[in-house]
Amino acid sequence: MSKLTVVEGSYAVAHAAKVCRPDVIPAYPITPQTHIVEELSKFAANGEIGACEYITVESEFSAISALIGACAAGARTYSATTSQGLALMHEVLFNASGMRLPLVMTVANRAMSAPLSIWNDHQDSIAQRDTGWIQLYAEDPQEAADMTPQVYKICEDNKIMLPAMACFDGFILTHVYEPVVLLEQDLTDEFLPPFAPEHILDPSNPKTFGAFADPGVYSEFRYMQELGMSAALKKIETVADEFNEIYGRYYGGLIDGYYLDDAEIVLVAMGSVIGTIKDVLDELRAEGKKVGLLKIRSFRPFPTDAIRNAVKNAAIIVPLDKSISIGKYEGALCTEIKASLYNTKIDIPVLGYMFGHGGRDIPPERIKKIVSEAEKAIVNGITIESSYVDLREELL
Amino acid sequence: MNKTTELFAPGHRGCAGCCDALAAKFMLKAVGENCIVVTPTGCLEVFSTPFPESAWNVPWIHSLFENAAAVASGVEAALKALGRKNDTKIMAIGGDGATIDIGIRGLSGAFERGHDFTYVCVDNEAYMNTGVQRSGGTPFAATTTTTPAGKASFGNLRPKKNMPQIMLAHGSPYVATTSVAYPKDMMRKVKKATEVTGPTYVHVHAPCTTGWGFDGSKTIELGRLAVETALWPMMDIENGDITGVHKIRNKRPVEEYLKAQKRFKHLFSIPGGADIIKKIQELADWNADQYDL
Amino acid sequence: MSSKLCIGGIVEPGSTVINKTGSWRTFKPIYQKEKCIKCGICELSCPENCIIKTEDGYYEIDYDYCKGCGICSNECPRETIEMVLEEK
Ligand SMILES: Cc1ncc(C[n+]2csc(CCOP(=O)(O)OP(=O)(O)O)c2C)c(N)n1
Ligand code: SF4
Ligand code: SF4
Ligand code: SF4
Ligand SMILES: [Mg+2]
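Residues numbered from 1 in each chain as written. Chains lettered and ligands numbered in written order. Predicted model: local features only at pLDDT ≥ 70, side-chain atom pairs only at ≥ 80, totals over all residues. Heavy atoms only, no water.

1. Description of the coordination of the magnesium ion (ligand 5)
Residue and element names in this part refer to chain B. Donor atoms from the polypeptide that coordinate the magnesium ion (ligand 5) comprise Asp 96 (OD), Asn 124 (OD1) and Ala 126 (O), at 2.0 to 2.1 Å from the metal. The sequence pattern formed by the donor residues of the magnesium ion (ligand 5) is D-x27-N-x1-A. For Ala 126, a relative accessible area of 4% puts it in the buried group. (Donors = N, O, S within 2.8 Å, 3.2 Å for Na, K, Ca; no water. Buried < 20%, exposed > 50% of the residue type's maximum accessible area, 1.4 Å probe, protein only.)

Here you go:
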């Protein structure tokens, strides 16, 4: 049995990054990611990450740019960021995926300014949905730590070669102290082979990276990225199984279910709220309510088939979103789930909720209320397709 | 097959008489094949790497317009961490826009951190790749497509940003100014810059036939005129001290330089043009005096 | 182009040589060996690297790539290279 240690979520993730043996870590601080890069700088200062170069860059723009240079030169790279920092990287995120550089970043999810907010929601990484990065979301610090070697193994696969974000909720998970198993170096070495890319910047075999494409080839390059994402669909599952074999822990592959098999009401969510929902479902199941949970672990690639299969017998689907597309008034999960069900024979109502934006807490009672609203919608039909949970009308 | 042994291959799409092609040729000639080159977006990048072709016979990477120095930092860190740095030189080669304007944050950061690399700015004094718009390197009174001369304007209102001084202020152990018109001078300085440990900077004056409006055969001649009028002083600065200055044998009036280019043509016809030429002459005289050219 | 695309758009070195830029030329440089003092200025000044040293130390022009810019002619101290209108 592995030893449990009570540490901060950020420490667990920093430690996990360390045992993946990164060669280059360019880092820039931003709340609530800061503790991760501080812990890594301590590891580096104590010589605990081998010959790793820790670069104190002057901005997130340079952090991600240095990742590109380092990875193209053959290094395994790591960084972490959130919200404003991730948004500052936006242009470079596309560049990394287009160049097929398997960068790994932890995203400590946080709301986007304005108004300025340092608290958690998913708007930052959701806004980077189309940048061609794999995005996995963890539900607790242990999963966030365990996800780190998993994403390296996924994105460094030579059929995939795409960058990946391992997302976990800022403050709620980064700053919580919990007993976790710190990833063992020997197990990680067994699980994760060294990074051995086919093409690198090397004077003895001089290749050109980053040529420009004319209209005759551009779409084909984009399609090749799509093929990489498709390959990741399978790889995410197998890597989760391999991880389970070596470390004995499993969180689902692309998705995971909780009381899902016979559920009439299916809540859909990602991130730390999963834990709260599971507790609520235990209670509701005890009352005989047929409620289940679909946990989305992989938002990109989006597991369309797995989702269709998982929800096909439900009476109603209830996505709970920590993001909003302003002008559409719904969250990303809601939009994507609806889109996944269209053009199929599955005709199940989708009742969307947006919650937890800018760090607002959602109490278990409120989740129960959502469930009872869903029960009513099964009978009466849906009147409002998507809405904010507990919008404070008195302030508007 | 081509017959040259140069590391910058022919077949690239640079204009006939291109200054940036000359700069790339001289850089690689000076440094040899054991180097890795980072190039930001701009003329040189576009004309040298139209997929599936590349003019580069050394490992080369282009990421974006404003991040060459940061990409170079990453390359350098990777080589060190992987034990492959040895004698491999890391060079970034960027236009004036990429260097002086949009990329200055990343460049400043990389120099302040002290990465062992050389940054070469190929200064053709405007955003050529997008059609000759003004940059912070555009000289006083030059017209560009965003600083046209008109009834209320004589062109670019501001003098060039003094980028070499900015880089010097970072404590760089070697900063040099040179020109594509002086290949041996440029090659010596680039080689030296790559041999000095730490972040080093070479600012190369590069007359652009298309952007400045002169015949492609005169690229080198125009560069020489810029130096001989004292508008472009060439020097070595080692650990903060000027250790070498290119002396002018036969100082020319700035008119000779200005009248050879379309971008300054208006100065010879607009009211008050003579006063502006006088101001440009004063800039040149100040250089000659300040650096004892 | 029919060869398969390389992942990430990676390209082989020096491959622009398949693009013969000689077709761009309007004026053609004509090298007159008799006048040449082998100073090498033209070779150094050519942006296309198409002035090639021959075994005897003189030069020849690789017209496959010469764009006819005229820098070599302009820089030659002995007026050894003459630019003439290209006959097509
Ligand atoms: C972020 C961003 N802004 C603008 C551009 C458009 N752009 C591409 S190259 C260029 C100008 C390049 O100028 P310079 O660095 O001086 O190089 P030159 O082409 O003159 O050699 C511009 C404005 C871009 N590619 N990226
Ligand atoms: S515009 Fe100027 S820098 Fe750009 S390719 Fe033409 S000559 Fe070279
Ligand atoms: S004309 Fe220009 S391209 Fe042709 S050989 Fe002379 S310098 Fe080279
Ligand atoms: S520059 Fe003139 S003299 Fe010198 S080598 Fe060339 S052709 Fe001969
Ligand atoms: Mg320019």
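Picking up after the structure, the text goes on.
2. Re the interface of chain A and chain B
In this assembly, 39 residues from chain A lie in contact with 40 residues from chain B. Together chain A and chain B conceal approximately 2900 Å² of surface at their shared face, both sides included; 65% is due to carbon and sulfur atoms. Across the chain A-chain B interface, the total number found is one salt bridge. Close ionic contact of B:Arg113 with A:Glu58 constitutes a salt bridge, the shortest N to O distance being 2.8 Å. Counting every contact that joins chain A to chain B gives 12 residue pairs in polar contact (both at pLDDT 80 or more). Elements represented by at least two residues in the side of chain A that touches chain B include exactly strand E3 (53–55), helix H3 (60–72), helix H5 (90–98) and strand E9 (208–209) of chain A. The greatest single-element share of the side of chain A that touches chain B, amounting to eight residues, is contributed by H3(A). (Contact = heavy atoms within 4.5 Å. Buried area = accessible area lost by both parts, 1.4 Å probe. Salt bridge = Lys/Arg side-chain N within 4 Å of Asp/Glu carboxyl O. Polar contact = N/O pair within 3.5 Å; in protein donor to acceptor, adjacent residues only side chain to side chain. Helix = DSSP H or I, 4+ residues; strand = E, 2+ residues; numbered from the N terminus.)

3. Considerations on the nonpolar core
Of all hydrophobic cores here, the largest spans 202 residues; its most connected members are A:Tyr78, A:Ile134, B:Trp56 and B:Tyr119. For this core, the element with the most residues is helix H1 (residues 19–31) of chain B, which contributes 10 residues. For B:Tyr119, the residues in contact, after removing those within four places along its chain, are B:Ala68, B:Ala69, B:Ala92, B:Gly94, B:Ala98, B:Thr99, B:Leu107, B:Phe111, B:Thr200, B:Tyr201 and B:Val202. Within the second largest apolar cluster, 24 residues are counted, among which are A:Leu267, A:Leu281, A:Ile316 and A:Ile362. (Core = buried A, V, L, I, M, F, W, Y, C linked by side-chain atoms within 4.5 Å.)

4. What about the packing of aromatic side chains?
Within this structure, the stated rule accounts for 20 aromatic pairs over all chains. With 5.0 Å between their ring centres and 75 degrees between their planes, B:Phe8 and B:Trp56 make a pair best called edge-to-face. With a gap of 48 residues between them, B:Phe8 in the segment before H1 and B:Trp56 in the loop between helix H2 (43–48) and strand E2 (60–61) connect regions that are remote in the sequence. You can call B:Phe8 buried: its relative accessible area is 1%. Summarising the aromatic geometry, the rings of B:Phe111 and B:Phe117 are spaced 5.6 Å apart at their centres and angled 75 degrees between planes, so their arrangement reads as edge-to-face. With respect to class, B:Phe111 is no different from B:Phe117; both count as buried. Taken together, the aromatic side chains of B:Phe111, B:Phe117, B:Tyr119 and B:Tyr201 make up a single cluster linked through ring pairs. Between the NZ or CZ atom of A:Arg76 and the centre of the ring of A:Tyr152, over which it lies, the distance is 5.1 Å. When the ring centre of A:Phe191 is taken as origin, the NZ or CZ atom of A:Lys153, which lies over that ring, is 4.3 Å away. (Phe/Tyr/Trp six-rings, centres within 6.5 Å; stacked < 30°, edge-to-face > 60°. Lys NZ or Arg CZ within 6 Å of the ring centre and 35° of its normal.)

5. A word on the interface of chain B and chain C
Think of interface size as the accessible area that goes away when the parts come together; that is how it is often given. On the side of chain C, 32 residues touch chain B, which itself brings 40 residues to the contact. In total, about 2900 Å² of surface goes out of reach between chain B and chain C, with carbon and sulfur atoms giving 59% of it. Taken together, chain B and chain C are joined by one salt bridge. The shortest N-O distance in the salt bridge between C:Glu75 and B:Arg224 comes to 2.6 Å. Remark: the boundary between chain B and chain C carries 21 residue pairs in polar contact (both at pLDDT 80 or more).

6. Notes on the sheet that holds strand E14 (residues 316–321) of chain A
Residues and elements named next belong to chain A. The sheet built from six strands is open, its strands ordered E10-E12-E11-E14-E15-E16 with mixed pairing. Here the strands that pair on one side only, and so sit at the sheet edges, are strand E10 (255–258) and strand E16 (386–388). Between one strand and the next, the sheet's axes are offset by a mean angle of 20 degrees, whatever the strand orientation. Two strands pair when backbone bridges link them, and strand E11 (residues 265–269) and strand E12 (residues 291–296) are joined in this way by five bridges, in the parallel orientation. Looking at the pairing, Ala 269 lines up with Lys 295 of E12. (Pairing = 2+ DSSP bridges. Axes fitted to C-alpha atoms, helices over the stretch in contact; angles between N-to-C directions.)

7. Comments concerning the site of ligand 3
Close to ligand 3 lie C:Pro29, C:Cys46, C:Pro47, C:Glu48, C:Cys50, C:Ile51, C:Cys66, C:Lys67, C:Gly68, C:Cys69, C:Gly70 and C:Cys72, which account for all nearby residues. By residue class, the composition of the shell around ligand 3 is eight nonpolar, two polar and two charged. (Near = heavy atom within 4 Å. Nonpolar A, V, L, I, M, F, W, Y, C, P; charged D, E, K, R; others polar.)

8. What about the pattern of salt bridges?
By the definition in use, this model includes 51 salt bridges over all chains. Residues A:Glu373 and A:Lys369 are paired through a salt bridge, measuring 3.9 Å at the closest nitrogen-oxygen approach. Of this pair, A:Glu373 and A:Lys369 both sit in helix H13 (residues 364–380), four residues apart, which is roughly one turn of the helix. Look at A:Lys369 and you get partly exposed, because its relative accessible area is 41%. A salt bridge links B:Glu53 to B:Arg13; the nearest nitrogen and oxygen atoms lie 2.7 Å apart. A residue pair is termed long-range when its members are at least 10 positions apart, and B:Glu53 in the loop between H2 and E2 and B:Arg13 in the segment before H1 qualify at 40 residues. Connected through shared salt-bridge partners, A:Glu139, A:Glu143, A:Lys278, A:Lys295 and A:Arg297 make up one network.

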